[in-house]
Amino acid sequence: MSTPAEWISRSVSRLRAAGRGDKAADAPADKPDKAAPRSTQERLQATLRRADEALSPRALRRLLADLQEVAAPQLSEIEGGRRAEAVAQWYAQAQPAERRDMWLLLCEQFAPDAERVQKARQRYEAAAGTDDEGQAEIGLRRALVSPRTRLLQRFAVAPQGMRFLVDLRAELLPQLKSHKRLLALDAELEQLFSTWFDIAFLELQRISWDSPASLLEKLIQYEAVHDIRSWADLKNRLDSDRRCYGFFHPRMPGVPLIFVEVALLDRMADSITPLLDETADAADAARATTAIFYSISNTQVGLRGVSFGDSLIKQVVETLAEEFPRLRHFATLSPIPGFRAWLGKHAAGLMERMDERRRAELGRCVGFEPPQAAHVLAAAEQPLTLDARSPVRQFLLEAAARYLGRELVEGKPVDPVARFHLGNGSRVERLNWAGDPSPKGLKQSYGLMVNYLYDLKRLDKHRSLLAQGKIPVSGDIDSLCRD
């Protein structure tokens, strides 16, 4: 939890950054000032439209008036929501550049009052350590609440308003790098979504073959790890020895925000192939000792930064343990999506760490002595043909162990899937050769997959280790790292 001072400092910093972005962030450094984009305030006061502007000044003023009506404090929430729905209808027909003009209006015309914020901040700083500090903090918090907040809240009132805002942010996110002036809108949406989509408001539901067809179609649409190829494939994933659960929000009914697919087995899975085999007989779920989470998919790009995967896994574990008392182990069978790209950059460095004997073995295997990184990477292009004693295969396993068990960026695991599971308290348990022999698996990680183990008694310990910059790993993974 942030202290009041930290929260206030962070909020003021965002406002200052947004203010700077209004004036200069979008102006190319190598162009004269006259070519810089005009602010919405300049455009609203103008008569003519520039060639690079979507909406004319008159159309921009009309849109601003519509937005101001939505946010008008004298309107009831219901009436405000009705007017927001009318703006959303205009937005649905607007061109991308016209939509961006609306985003700019939201950022620049509905920002907090800078003078009011400055005065409130000065009062807070002056009151620090006195009996008036609490009241001064309240004043600063109120000053930091922008008209944009009320406006976005009015959009959420409309029947499809939440869906509209989530989709709007999904469209907004790719624009942020090139349009810094939009950062304030993105930050406000993320903050609102973190509250609106809090775990307290989400419902865990099991998704089965008996679920509505419209929901099953969404599983096919949103599956992000292992593509669902057919209805038969989907039915296999919802068989008696499988479970599928999703989080749902009451304002977006029928849409899973995130869902997880689980296989109930008598061992830890080492390959995705049998799990996706549509012809395989269903196992006896009542005798299962291990729950394997083999696919977790976030469905809404617009909710990026809103984390509920940790809560999903916790609730699914509790639900499964209640239904199947024999379950003792909870683990994943996960892809390693960033491994091949990482190895391409670091193979030479890893080879330099090898002793002369092992480097010579690798050279004899690839036919070049001394071997170069390019020789080894070329030999690794056919990983399924490498036998268990191949030095190239051993090199790939050791490299993957180091990638998962040692590599950190800004204190976090470099691999995105590892970042998710390790952040939830799991540990890197086991590497699986040829775990995913599909073209996608070979392209991502030479076919390697990994098990992350959720040891329910050590989740907090593993999080603590990660916070200290130490990735929790099993003894087998640790030995492969060869420190």
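Note that the coordinates shown come from a computational prediction; the quantities given were computed from them, not determined experimentally. (Residues numbered from 1 in each chain as written. Predicted model: local features only at pLDDT ≥ 70, side-chain atom pairs only at ≥ 80, totals over all residues. Heavy atoms only, no water.)

Caption draft 1: Geometry of the overall build of the protein chain. Check the secondary structure of the protein chain and you find 21 helices and nine strands. Dimensions of the protein chain, computed from C-alpha atoms along their principal axes, come out at roughly 75 × 55 × 55 Å. Of all 483 residues assigned to the protein chain, the portion counted as buried reaches 47%. Within the protein chain, contacts between residues at least 6 apart in sequence are counted, and of these 73% link residues at least 24 apart. Summed over its atoms, the accessible surface of the protein chain is roughly 24600 Å², and 49% of this surface lies on carbon and sulfur atoms. Within the protein chain, the 66 negative side-chain charges are centred at a point lying 3 Å from the centre of the 69 positive side-chain charges. (Helix = DSSP H or I, 4+ residues; strand = E, 2+ residues; numbered from the N terminus. Buried < 20%, exposed > 50% of the residue type's maximum accessible area, 1.4 Å probe, protein only. Contact = heavy atoms within 4.5 Å. Areas by Shrake-Rupley, 256 points an atom, 1.4 Å probe, with all protein chains shown as cover. Lys, Arg positive; Asp, Glu negative; His and termini not counted. Charge placed at Lys NZ, Arg CZ, Asp CG, Glu CD.)

Caption draft 2: Structural view of unusual backbone geometry. Residue E369 is joined to P370 through a cis peptide bond whose omega torsion reads -5°. By the element assignment, P370 lies in the loop between α15 (356-366) and α16 (373-379). Even without glycine at this site, A434 takes up a positive phi of about 55°. With respect to the helices, strands and loops of the structure, A434 is situated in the loop between β8 (427-432) and α19 (439-445). Relative accessible area serves as the criterion here: at 25%, A434 is assigned to the partly exposed category.

Caption draft 3: Focus on the nonpolar core. Core analysis: the largest hydrophobic core is formed by 67 residues, its most contacted members being L67, F197 and L320. Take this core: its biggest share by element is seven residues, from helix α3 (residues 57-71). Excluding anything up to four places from it in sequence, L67 contacts V87, M102, L105, L106, F110, L151 and F155. Counting residues in each nonpolar core, the second largest holds 39 residues, with M354, V366, A373 and V417 among its members. (Core = buried A, V, L, I, M, F, W, Y, C linked by side-chain atoms within 4.5 Å.)

Caption draft 4: Spotlight on the UniProt feature "domain: Malonyl-CoA decarboxylase N-terminal" (unreviewed entry) in the protein chain. As annotated by UniProt and renumbered to match this structure, "domain: Malonyl-CoA decarboxylase N-terminal" (unreviewed entry) occupies residues 110-197. The span residues 110-197 shows a helical share of 72% and a strand share of 0%, and its end C-alpha atoms are spaced 23 Å apart. (UniProt positions renumbered as here; feature names shortened; annotations may be inferred.)

Caption draft 5: Region of interest: the pairing of strand β2 (residues 242-248). For β2, the tally of buried residues reaches seven of seven residues, placing the bulk of the element in the interior. Neither face of β2 is open: one carries R242, C244, G246 and F248, the other R243, Y245 and F247, and all of them are buried. Strand direction decides the pairing type here: strand β1 (residues 203-206) and β2, joined by four bridges, are antiparallel. Bridge pairing in β2 links E203 to F248. (Pairing = 2+ DSSP bridges.)

Caption draft 6: Summary view of the side chain of N424. With respect to the element layout, N424 can be found in the loop between α18 (416-423) and β8. We classify N424 as buried; its relative accessible area is 6%. The residues contacting N424, other than those within four sequence positions of it, are G309, D310, I313, Y454, L459 and R463.

Caption draft 7: Expanded view of the environment of N236. If you trace the backbone, N236 turns up in helix α12 (residues 231-237). Along the primary structure N236 and L275 are separated by 39 residues, whereas in three dimensions their C-alpha atoms are 8.7 Å apart. Sequence-distant contacts of N236, that is, excluding residues within four places in its chain, are made with R242, L275, L276, D277 and E278.

Caption draft 8: Examining the pairing of strand β9 (residues 449-453) more closely. Taken across its five residues, β9 has five buried, putting it largely inside the fold. Taking every second residue as pointing to the same face, both faces of β9 are buried, with M449, N451 and L453 on one and V450 and Y452 on the other. Relative to β9, β8 is paired through five bridges, and the arrangement is antiparallel. Directly across from V428, in β9, lies its bridge partner Y452.

Caption draft 9: Looking closely at the packing of helix α14 (residues 339-352) against helix α17 (residues 391-405). Taken N-terminus to C-terminus, the directions of α14 and α17 make an angle of 105°; their axes are 10 Å apart at the nearest point. In terms of orientation, α14 lies roughly perpendicular with respect to α17. Where α14 approaches α17, its residues F339, W342, L343, A347, L350 and M351 are matched on the opposing element by F395, L396, A399, A400, R402 and Y403. When grouped by side-chain class, the residues that make up the contact of α14 with α17 number 11 nonpolar, no polar and one charged. (Axes fitted to C-alpha atoms, helices over the stretch in contact; angles between N-to-C directions. Parallel < 35°, antiparallel > 145°, perpendicular 65-115°, else oblique. Nonpolar A, V, L, I, M, F, W, Y, C, P; charged D, E, K, R; others polar.)

Caption draft 10: Spatial organisation of helix α20 (residues 459-467). Of the residues making up α20, those classed as buried are L459, H462 and L466. All buried residues of α20 fall inside an arc of 65° around its axis, so they share one side. Of the exposed residues in α20, those oriented more than 90 degrees away from the buried face are D460, K461 and A467. Of the surrounding secondary structure, the elements contacted by the buried residues of α20 are β7 (412-413), α18 and β8. A positive backbone phi angle near 85° is found at G469, which sits one or two residues after α20. (Arc of directions from axis to C-beta.)

Caption draft 11: Structural detail: the packing of helix α9 (residues 161-172) against helix α10 (residues 183-196). Across the interface, α9 lies against α10 with an axial gap of 11 Å and an inter-helix angle of 140°. By the angle class used here, α9 and α10 are oblique. Crossing hand, α9 versus α10: left-handed. For the pair α9 and α10, the contacting residues are M162, L165, V166, L168, R169 and L172 in the first and L185, D186, L189, E190, F193 and W196 in the second. (Left-handed = near helix turned anticlockwise from the far one by under 90°.)

Caption draft 12: Geometry of the environment of D436. Here D436 is to be found in the loop between β8 and α19. Between the C-alpha atoms of D436 and R58, which are 378 residues apart in sequence, the distance is 57 Å. Once residues within four sequence positions are removed from consideration, D436 is found in contact with H226, I272, G441, L442, G447 and M449.

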